[in-house]
Amino acid sequence: MSYSTSLYLTGAEIGLSVTGLVLLLVTAWTSEKAARAITIAAVAALFGALLFNVSLFDGGLAGSAFGGLFLADGFAVFAKSLVYIATIACLIVAPRYFDARGEYRGEYPVLMLFNAVGMGLMVSATDLMTLYIGLEMSSLSSYVLASFARRDGKSSEAGLKYFVLGGLASGIILYGVSLVYGFSGTTSYEGIRTAFAADFSTGAMFGVVFVLAGIAFKVAAVPFHMWTPDVYEGAPTPVTAFFASAPKVAAVAMLVRIATGPFGGQVEAWQQIVIFAALASIVVGALGAIGQTNLKRLLAYSSINNVGFILIGLAAATPEGISGVLVYLSIYVFMTIGSFVALLMLRDSEGNALATFDDISGLSTTSPVLAWCLLALMFSLAGIPPLFGFWGKFVVFQAAVQADMIALAAIGIAASVIGAFYYIKFIKVMFFDEPQGAAPAAAPVSHWIVLGLSVAVISPLGYLLTPWLGNLADAAAQMLFYVA
Amino acid sequence: MIQTIAFYMFAVLVIASAVMVITARNPVHSVLWLILAFFNAAGLMVLVGAEFIAMLLVIVYVGAVAVLFLFVVMMLDIDVAELRAGFVKNFPLGIVIALVLLAELVLGIGAYQVGSIELGTPMASDGPAMVESNTGAIGALLYTKYLFLFEAAGLILLVAMIGAIVLTHRPPKTKRGHQDIGKQNRRNPNEATVMKQPEVGRGVEL
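Residues numbered from 1 in each chain as written. Chains lettered and ligands numbered in written order. Predicted model: local features only at pLDDT ≥ 70, side-chain atom pairs only at ≥ 80, totals over all residues.

1. Some words on the overall build of chain A
So, step 1. Counting secondary structure elements, chain A contains 21 helices and 2 strands.
So, step 2. When the backbone C-alpha atoms are referred to their principal axes, chain A occupies close to 65 × 60 × 40 Å.
So, step 3. The buried share of chain A, taken over its 484 residues, is 61%.
So, step 4. Looking at chain A alone, contacts between residues at least 24 apart form 80% of all its contacts between residues at least 6 apart. (Helix = DSSP H or I, 4+ residues; strand = E, 2+ residues; numbered from the N terminus. Buried ≥ 20, exposed ≤ 12 C-beta atoms within 10 Å, placed from the backbone. Contact = placed C-beta atoms within 7 Å.)

What follows is the structure, encoded as structure tokens:
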């Protein structure tokens, strides 16, 4: 394995890092007015990384880099493409939000770039050390992004809470990693798999549990979800949109890889945990959202709920299940970004966010297009058939049924009916209540484009993508099991 | 012989300064004792041939952590008498915790006597051959096999640094006012003062 091949395989990460460093210098020497130009450059860099990634996949040059620390396979390319798309969307809508408060600065896109590098490492990690370093890079920049609106008390609170609890979760993961290393004698995924196949002791089991618990925190699965509503509510809305999409995709991909790779021989050791986390997330996400009046808190519970559905695919522990996870993640990213961008566009002429149900009542008369977009997004999140969100749930439940987990699928479907309540409440408030507050001000074209694309993907038109998306996801999932 | 003497000297000093850390009345003195303890621990590490860890202890713990402690302790106005007031009240709890720790120690030693814990056997026999020092060995590994992770860890530190600056650095013009020396020098009496001829019984509007 030559260095040049390794460098080529990690090209997306290296390119993003170098761009981040250059843009950081540019930020340091220019005024805040250059922040928008820096954002455009960062978006271009992410777009370049996306194209590079796809070309890597098309060229079939997938392989392991730096002596097994990093793996660029179809699975990684799939997850990374989602991550980059989500990051691009969140960067496009950020400047206007912060500009309204006079708080936009060039460090924002720079931190997003480094976050993307960290997420790429998480997705491609085939060594526990790469996993941890990627996770920390992504988390550290996320903490800063959460408190980026410094003059807003809630934003600082969100940053601090996320930092303290995230630090705790990192500690839990590290403790698990140390146990796994202690009992297997190696940090590489392949080595761990071999060592565990020979001997899987109680201590190693503890290690696996701790690692999974720490990652469950990062994906906000119950019972490690407590931070989610507070952080999602307090963080600036573009950052919340980011948290709910890109890092979640990366953390789920990391979880899938570690569960099927090094721990793949011990499915029965982690399957119960994942099943519990999946069911608990679905139920808590559905019930917790019912009493919420703040729209961002509501979407936070919705994301907890969705993580539960994603974990059902993992609980099946079959290639079909993993393929379902990937399909669900792809649809979820578009639904989430669409919903949060719609929330971003909901602000009155003075720039105040319309943040509660009272604010958006009667939106269908004051801003019909936005209301119809939100209707599509909410129905899709609820999994109502003509929309694309249904298909994600369908493939995940199908995989669970094929893996003889009919009870799991039945409870999941029942809970998703409960979840549909608050999505439909959203629609009821918009369409059947009298308008109370001010009409939302006109939103810039960039927001409409992002929202329009998201809605187009989740609309019934999205079903045109199913064969293509399904093939890609199947291939990616097979790759995971082939290596394993 | 000289090693034995050095060992006992360092060991006694570590324990003595550790005791002083918790008994010193002044928190600043506590931190200074802690620094002494770190130095002696570094000496112990040199004795067992782990000079890299000794260096880390001095650079990281003494150079960064302890100095940070010192700053924090000096900046916080700690009322020592108030801290000690809770001692009697919490004494029973302290005894319980001490007993628990004692039991753990006994258990731990007992378990150790039975036999060592069954850990995996390391597979790291393919690492580079041991060079003359362990600093060299760590460096050789860090800059060859783990170069990628080493650079990535550097990026993490950079992100932490950017974060700290982004969250605390305030632009020069704040509402709390700032000094613009040029503006002060440009001031002249004609602009700075106003002459008013107020009418009797009415206020002045400035």
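2. Let's talk about the overall build of chain B
So, step 1. Along chain B, the regular secondary structure elements total 9 helices and 0 strands.
So, step 2. Beginning at the N terminus, the succession of helices and strands in chain B can be written as α-α-α-α-α-α-α-α-α.
So, step 3. Relative to its full complement of 206 residues, chain B shows a buried share of 10%.

3. Regarding the interface of chain A and chain B
So, step 1. Each side of the interface is counted separately: chain A has 31 residues, and chain B has 18 residues.
So, step 2. Across the side of chain A that touches chain B, the residue classes tally to 17 nonpolar, 11 polar and 3 charged. (Nonpolar A, V, L, I, M, F, W, Y, C, P; charged D, E, K, R; others polar.)

4. Focus on the domain arrangement of chain B
So, step 1. You can read the domains of chain B as domain 1 (1–79), domain 2 (88–118) and domain 3 (133–167).
So, step 2. With centres defined by C-alpha atoms, the gap from domain 1 of chain B to domain 3 of chain B works out at 26 Å. (Domains from an automatic or database assignment.)

5. Re the UniProt feature "domain: NADH:quinone oxidoreductase/Mrp antiporter transmembrane" (unreviewed entry) in chain A
So, step 1. Here the UniProt-annotated "domain: NADH:quinone oxidoreductase/Mrp antiporter transmembrane" (unreviewed entry) positions come out as residues 125–419 of chain A.
So, step 2. Across residues 125–419 of chain A, helical content stands at 79% and strand content at 0%; the span's end C-alpha atoms are separated by 34 Å. (UniProt positions renumbered as here; feature names shortened; annotations may be inferred.)

6. So, unusual backbone geometry
Excluding glycine, a negative phi dihedral is what most residues carry, and trans is how most peptide bonds are arranged.
All names here are of chain A.
So, step 1. The amide bond that connects Val222 to the next residue, Pro223, takes the cis arrangement and shows omega of 5°.
So, step 2. Relative to the assigned elements, Pro223 resides in the loop between helix 9 (202–218) and helix 10 (227–234).
So, step 3. The backbone phi angle of Phe66 is positive, close to 55°, even though this residue is not glycine.
So, step 4. On the secondary structure map, Phe66 appears in the loop between strand 1 (63–65) and strand 2 (70–72).

7. Topic: the UniProt feature "transmembrane region" (unreviewed entry) in chain B
All names here are of chain B.
So, step 1. Using the residue numbers shown here, the UniProt feature "transmembrane region" (unreviewed entry) corresponds to residues 6–24, 31–50, 56–78, 90–112 and 146–167.
So, step 2. Annotation note: span residues 6–24, helix share 95%, strand share 0%, distance between end C-alpha atoms 26 Å.
So, step 3. End-to-end, the C-alpha atoms of residues 31–50 are 25 Å apart, and along that stretch the chain is 85% helix and 0% strand.

8. Things to note about helix 11 (residues 237–260) of chain A
Residue pairs spaced three or four apart in an α-helix point in one direction, given the helix's 3.6 residues per turn.
Residues and elements named next belong to chain A.
So, step 1. Its 24 residues give helix 11 an end-to-end C-alpha distance of 34 Å, which sits within 8% of 34 Å, the value for a rise of 1.5 Å per residue.
So, step 2. For helix 11, the principal kink sits at Phe243 and spans about 35°; a proline, Pro247, occurs within the next four residues.
So, step 3. Within helix 11, 24 of the 24 residues are buried, which leaves the element mostly enclosed by the surrounding structure. (Expected span 1.5 Å × (residues − 1). Bend = angle between axes of the 7 residues up to and from the residue.)

9. So, the nonpolar core
So, step 1. Within the largest apolar cluster, 203 residues are counted, with the highest numbers of intra-cluster contacts made by Val83(A), Val249(A), Ala250(A), Met254(A) and Ala315(A).
So, step 2. Dropping the residues within four chain positions of it, Ala315(A) is found in contact with Gln271(A), Val274(A), Ile275(A), Ala278(A), Ala400(A), Met405(A) and Leu408(A).
So, step 3. The next biggest cluster of nonpolar side chains, apart from the first, holds 9 residues, and it includes Val31(B), Ala37(B), Phe38(B) and Ala54(B). (Core = buried A, V, L, I, M, F, W, Y, C linked by C-beta atoms within 7 Å.)

10. Structural notes on the environment of Ile418(A)
Residue and element names in this part refer to chain A.
So, step 1. Inspection of the secondary structure assignment puts Ile418 in helix 19 (residues 406–432).
So, step 2. Separated by 375 residues in the primary sequence, Ile418 and Val43 have C-alpha atoms spaced 38 Å apart.
So, step 3. Ignoring sequence-local partners within four residues, the contact set of Ile418 consists of Ala286 and Leu287.

11. Brief notes about the packing of helix 2 (residues 11–29) of chain A against helix 5 (residues 107–124) of chain A
Residue and element names in this part refer to chain A.
So, step 1. Put simply, helix 2 and helix 5 touch, their axes get as near as 9 Å, and they point 160° apart. In terms of axis orientation, helix 2 runs roughly antiparallel to helix 5. Considering only the axes of helix 2 and helix 5, their crossing is left-handed. Of the residues in helix 5, those touching helix 2 at Ala12, Glu13, Leu16, Ser17, Thr19, Gly20, Leu23, Leu24 and Thr27 are Glu107, Pro109, Val110, Leu113, Phe114, Ala116, Val117, Gly120 and Leu121. (Axes fitted to C-alpha atoms, helices over the stretch in contact; angles between N-to-C directions. Parallel < 35°, antiparallel > 145°, perpendicular 65-115°, else oblique. Left-handed = near helix turned anticlockwise from the far one by under 90°.)

12. Considerations on helix 8 (residues 189–198) of chain A
So, step 1. Regarding helix 8 of chain A, the residues found buried are Tyr189(A), Ile192(A), Arg193(A), Ala195(A) and Phe196(A).
So, step 2. Looking at the buried residues of helix 8 of chain A, the elements they touch are helix 7 (153–184) and helix 9 of chain A.

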